[in-house]
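What follows is each chain in one-letter form.
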Amino acid sequence: MISTEIKDILALSASICTVLQFLAGVLVCKKYIKNGTTGDSSVLAFVTCFMSCSLWLRYGTLIRDFFVVCVNFFGMLLQICYIIIFTLYSLKRCTTLRQFAAALTFILIVYLYSGFQKDEALVTKQIGFLSCSLTILFFASPLVLLAHVIRAKNTESLPFPVIMASMVVSCQWFAYGCLIDDQFIQIPNFMGCVLSGFQLCLFLIYPNKQPDQAYFI
């Protein structure tokens, strides 16, 4: 009973923190609306997050996990809203729509396949592997930026609040994955913990001369 209560409390806390992390996109879209354009920004971040949430949503339904389903359903809807706003203010609408259409087609194929596959254990492993792989790629994306930070010995380009939030969320979901003994949840979030921890260490190694500017981007 105690372990079940701890598991539910941890899952609820992780879900709330994840939702707050998803809502960071509101500030980005608010900037697009204020400027009247997306400028040189790319929609890939929103599209990738949409794909990730969609896959985790399907995985959550397969393992029948209420918290995984709810947080990723909300995240998927939110990313769709962000993509719509991005498209409205984008200078390259055709490219944006093509990227979203490609992602949507991929997700539909995965959903159709998982719906017609009779071996639920097999499809659960396959969807879990896809979800895990996409999340790992998402976590690995800042590595190019980290190389620049190390060369320049300056952390001004790193958003401290975003990294700290990622650290907290990754640790919570990793712990939850351990409690329910799910490697597909454990592995990507463990990597998220390691990568976020490494980025936080860089703030100690290369202290910023302008902390206010760096920590509140």
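All of these numbers come straight from a predicted model, not from anything done at the bench.

Further remarks concern the environment of Ala175. Note that Ala175 resides in helix H8 (residues 160–179). Exposure remark for Ala175: the relative accessible area of 30% places this residue in the partly exposed category.

Below, the discussion takes up helix H5 (residues 93–116). Taking 1.5 Å per residue, 24 residues should reach 34 Å; H5 reaches 34 Å between its end C-alpha atoms and fits that length. Taken residue by residue, H5 has Thr96, Phe100, Ala103, Ile107, Val110 and Ser114 as its buried positions. On its buried face, H5 is in contact with helix H3 (44–63), helix H4 (66–89) and helix H6 (120–140).

For the rest of this paragraph, the subject is the packing of aromatic side chains. Two numbers describe a pair of aromatic rings. These are the distance of the centres and the angle of the planes. Here the structure, examined in full by the defined rule, presents nine aromatic pairs. Judged by centre distance (6.4 Å) and plane angle (80°), the ring pair of Phe46 and Phe86 falls under edge-to-face. Linking Phe46 in helix H3 with Phe86 in helix H4, this pair joins segments that are 40 residues apart in sequence. Pair check on accessibility: Phe46 and Phe86 agree, each one buried. Of the aromatic side chains, those joined through ring pairs into one cluster are Tyr32, Phe46, Tyr82 and Phe86.

Take the pattern of salt bridges next. Note on pairing: side chains with opposite charge can pair once their charged atoms come close. Under the definition given, this model contains one salt bridge. In this structure, Glu120 engages Arg64 in a salt bridge whose closest nitrogen and oxygen atoms are separated by 2.9 Å. Here Glu120, found in helix H6, pairs with Arg64, found in the loop between H3 and H4; they are 56 residues apart in sequence, far enough to count as distant.

Moving on: the packing of H8 against helix H9 (residues 183–205). Where H8 contacts H9, the axes come no closer than 8 Å and their chain directions differ by 150°. In terms of axis orientation, H8 runs roughly antiparallel to H9. As for how H8 packs across H9, the hand of that crossing is left-handed. Across the interface between the two elements, Phe160, Ile163, Met164, Ser166, Met167, Ser170, Cys171, Trp173, Phe174, Gly177 and Cys178 of H8 pack against Ile185, Gln186, Asn189, Phe190, Gly192, Cys193, Ser196, Gly197, Gln199, Leu200 and Phe203 of H9. Per-class residue counts for the contact of H8 with H9 are 13 nonpolar, nine polar and no charged.

A few words on the UniProt feature "transmembrane region" (unreviewed entry) in the protein chain. The residues that UniProt annotates with the feature "transmembrane region" (unreviewed entry) are residues 6–29, 41–60, 66–89, 96–114, 126–146 and 187–206. The straight-line gap between the two end C-alpha atoms of residues 96–114 is 27 Å; of that span, 100% is helix and 0% is strand. As a span, residues 187–206 carries 95% helix and 0% strand, and end to end its C-alpha atoms are 29 Å apart.

Attention now moves to the nonpolar core. By size, the foremost hydrophobic cluster in this structure holds 37 residues, and its most contacted members are Phe46, Phe50, Met51, Ile83 and Trp173. With eleven residues, the top contributor of residues to this core is H3. What Ile83 contacts, discounting residues up to four positions off in sequence, is Val43, Phe46, Val47, Phe50 and Phe100. Counting residues in hydrophobic clusters, the runner-up holds ten residues, among them Phe139, Leu146, Ile163 and Tyr206.

The rules we used
- Residue numbering note: each chain is counted from 1, following its sequence as written.
- Restriction of local features to residues with pLDDT of at least 70 applies here, the model being predicted, together with a cutoff of 80 or more for giving and counting side-chain atom pairs; totals for whole chains, interfaces and linings are based on all residues.
- Hydrogens and water molecules were not included; the side-chain quantities draw on all heavy atoms of the structure.
- Counting from the N terminus, the helices are the DSSP runs of H or I reaching at least four residues and the strands are the DSSP runs of E reaching at least two.
- Relative accessibility thresholds used throughout: buried, under 20% of the residue-type maximum; exposed, over 50%; partly exposed, between the two (1.4 Å probe, protein chains only).
- Helix span, as expected, comes to 1.5 Å for every residue beyond the first.
- Residue contacts follow a heavy-atom distance rule, with two residues in contact if any of their heavy atoms lie within 4.5 Å.
- Ring pairs are drawn from Phe, Tyr and Trp, using the six-membered ring of Trp, whenever the two centres fall within 6.5 Å, and their geometry is named by plane angle: stacked under 30 degrees, edge-to-face over 60, tilted for the rest.
- By convention in these notes, a salt bridge is any Lys or Arg side-chain nitrogen within 4 Å of a carboxyl oxygen on Asp or Glu.
- Axis angles are defined between N-to-C directions and span 0 to 180 degrees, where every axis is a line fitted to C-alpha atoms and, for a helix, only to the segment in contact.
- The labels follow the angle: roughly parallel below 35 degrees, roughly antiparallel above 145, roughly perpendicular from 65 to 115, and oblique for the rest.
- The hand of a helix crossing depends on one turn: near helix anticlockwise from the far one by less than a right angle means left-handed, and clockwise means right-handed.
- Ten residue types, Ala, Val, Leu, Ile, Met, Phe, Trp, Tyr, Cys and Pro, are classed as nonpolar, four, Asp, Glu, Lys and Arg, as charged, and the remainder, Gly among them, as polar.
- UniProt positions are given in the numbering used here, feature names are shortened, and annotations may be inferred rather than shown by experiment.
- The set of buried Ala, Val, Leu, Ile, Met, Phe, Trp, Tyr and Cys residues whose side-chain atoms join them within 4.5 Å is what this entry labels a nonpolar core.

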